[in-house]
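Fold and geometry: a report
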Amino acid sequence: MSSPSKRREMDLMKLMISDYKVETVNDGIQEFFVDFHGPNESLYQGGVWRVRVELPDAYPYKSPSIGFVNKIYHPNVDEMSGSVCLDVINQTWSPMFDLVNVFEVFLPQLLLYPNPSDPLNGEAAALMMRDRPAYEQKVKEYCKKYAKPEDIGASPEDESSEEELSADEYDSSDEQVVGKPDP
């Protein structure tokens, strides 16, 4: 890569051609929103979240800032701010990773394998450890209440066709678990 700004442009373009709905802020490439669908066969399946992404000046050498805009009930996501607690984004980021990795691997893995021992939402973590069925019910309630296509400004028809594409196209075996799931 010739420069971090070229890499930002390329990563954003790769995200857009991967069928993610991306909405830039002020036509820039440093801050934007991405519509993210909950992973299939998870408690979050069918949910759609608007995720705010901010790329620092030093991207890709410094990790992007990632946060859920609409509410999500998860031990590793702050319920009020939407901040995400994920080691690969916050501590072990590498320039080898790109934005497609964030949305096709890292965030789905976060939702599939929550880590209640390192919570940003202490209530969700405690409920998950104490009463798993009640935790699962609350996750589903939040999905129904806050993660419908209309909650992010999408129409249900648009959402279903994008979800079908992402479910089928991106389940490749070379993008499986990065490391081991949290116990």
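Keep in mind that what you see is a predicted model, and the values were worked out from it rather than measured.

Moving on, we come to the overall build of the chain. If you tally the helices and strands in the chain, you get 6 helices and 4 strands. The helix and strand sequence of the chain, counted from the amino end, reads α-β-β-β-β-α-α-α-α-α. Here the chain holds 183 residues, and 45% of them are scored as buried. For the chain, restricting intrachain contacts to residue pairs at least 6 apart in sequence, the fraction spanning at least 24 positions comes to 57%.

Let us look at helix H3 (residues 99-112). In this model H3 runs 19 Å from its N-terminal to its C-terminal C-alpha over 14 residues, within 8% of the 20 Å that 1.5 Å per residue would give. Of all bends in H3, the biggest is about 30°, found at Phe106, and the proline Pro108 comes one to four residues later. Across the 14 residues that make up H3, a large majority, 12, are buried. Among all positions of H3, only Leu99, Val100, Val102, Phe103, Glu104, Val105, Phe106, Leu107, Pro108, Gln109, Leu110 and Leu111 are buried. Elements in contact with the buried residues of H3: helix H1 (4-17), strand S2 (31-37), strand S3 (48-54), strand S4 (65-68) and helix H2 (87-90). The opening residue of H3, the one whose side-chain oxygen lies 3.1 Å from the backbone nitrogen of Val100, is Asp98.

Another aspect to go through is the pairing of S3. Within S3, 5 of the 7 residues are buried, which leaves the element mostly enclosed by the surrounding structure. Bridging between S2 and S3 involves 7 bridges; their strand directions are antiparallel. Along S3, the bridge assignment pairs Glu31 with Glu54. Where S3 and S4 come together, 4 bridges link them in antiparallel fashion. Following the sheet pairing, Val51 is matched in S4 by Phe68.

This next bit is on the environment of Pro56. Tracing the chain through its elements places Pro56 in the loop between S3 and S4. On the accessibility criterion, Pro56 (17% relative accessible area) is buried. Each C-alpha atom of the pair Pro56 and Gln30 lies 7.0 Å from the other, and the pair is 26 residues apart in sequence. Sequence-distant contacts of Pro56, that is, excluding residues within four places in its chain, are made with Arg8, Gln30, Lys62, Ser63 and Pro64.

With that settled, the discussion passes to unusual backbone geometry. Here Tyr59 and Pro60 are connected by a cis peptide whose omega angle stands at 15°. Take Pro60: it is sitting in the loop between S3 and S4. A positive phi is found at Asp19, a non-glycine position, where the angle reads about 70°. Positionally, Asp19 belongs in the loop between H1 and strand S1 (22-24).

Okay, the UniProt feature "active site" (unreviewed entry) in the chain next. UniProt feature "active site" (unreviewed entry): in the numbering of this structure it lies at Cys85. Relative to the assigned elements, Cys85 resides in the loop between S4 and H2. Given a relative accessible area of 17%, Cys85 falls into the buried group. Sequence-distant contacts of Cys85, defined by excluding residues within four places in its chain, comprise Asn76, Asn90, Leu110, Asp118 and Leu120.

Criteria and cut-off values
Residues numbered from 1 in each chain as written. Predicted model: local features only at pLDDT ≥ 70, side-chain atom pairs only at ≥ 80, totals over all residues. Heavy atoms only, no water. Helix = DSSP H or I, 4+ residues; strand = E, 2+ residues; numbered from the N terminus. Buried < 20%, exposed > 50% of the residue type's maximum accessible area, 1.4 Å probe, protein only. Contact = heavy atoms within 4.5 Å. Expected span 1.5 Å × (residues − 1). Bend = angle between axes of the 7 residues up to and from the residue. Polar contact = N/O pair within 3.5 Å; in protein donor to acceptor, adjacent residues only side chain to side chain. Pairing = 2+ DSSP bridges. UniProt positions renumbered as here; feature names shortened; annotations may be inferred.

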